[in-house]
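# Coordinate inspection notes
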Amino acid sequence: MAKKKEKKPSKPIKVHEYYKKEGDALKREKKSCPKCGAGTFMATHKNRSTCGKCHYCEFN
Ligand SMILES: [Zn+2]
């Protein structure tokens, strides 16, 4: 029997929160994925950062 999956409302990504303003320049707070390029931010976990796009994982 197929069960209908309830769709979770996806949260919008607040990219502006990933930048920090330092004077006139913007500083990146989060790492960007080396595989996907500068437009992708990596999620930071306790001991690692992961890319949600390509699942690239970097351990600290
Ligand atoms: Zn990536």
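Everything here concerns the structure above.
Here's a quick rundown of the structure. (Residues numbered from 1 in each chain as written. Predicted model: local features only at pLDDT ≥ 70, side-chain atom pairs only at ≥ 80, totals over all residues.)

## Comments concerning unusual backbone geometry
Glycine aside, residues mostly have negative phi angles, and peptide bonds mostly take the trans form. Inclusion rule: Secondary structure elements are defined from DSSP: runs of H or I of at least 4 residues count as helices, runs of E of at least 2 residues count as strands, and each element is numbered from the N terminus.
A positive phi is found at His 55, a non-glycine position, where the angle reads about 65 degrees. Along the chain, the position of His 55 falls in the loop between strand E4 (48–51) and strand E5 (57–59).

## Examining the sheet that holds E5
For clarity, the cut-off: In short, DSSP must find at least two bridges between two strands for them to pair. A fitted line through C-alpha atoms represents every axis, and for helices the fit uses only the stretch in contact; the resulting angles, taken between N-to-C directions, go from 0 to 180 degrees.
The three strands lie next to each other as E3-E4-E5, forming an open sheet whose pairing is antiparallel. In this open sheet, the two edge strands, each paired with only one partner strand, are strand E3 (42–44) and E5. The mean inter-strand angle of the sheet, taken between neighbouring strand axes irrespective of direction, is 20 degrees. When E4 meets E5, the two strands line up antiparallel, connected through three bridges. Paired with Ser 49 across the bridge in E5 is Glu 58.

## Overview of the pairing of strand E2 (residues 25–28)
Where strand E1 (residues 19–22) lies against E2, four bridges are found, and the strand directions are antiparallel. When the sheet's bridge partners are listed, Lys 21 is paired in E2 with Leu 26. Taken together, E1 and the strand that follows it, E2, pair antiparallel across an intervening segment of two residues, in which Gly 23 is found at a positive phi of about 70 degrees.

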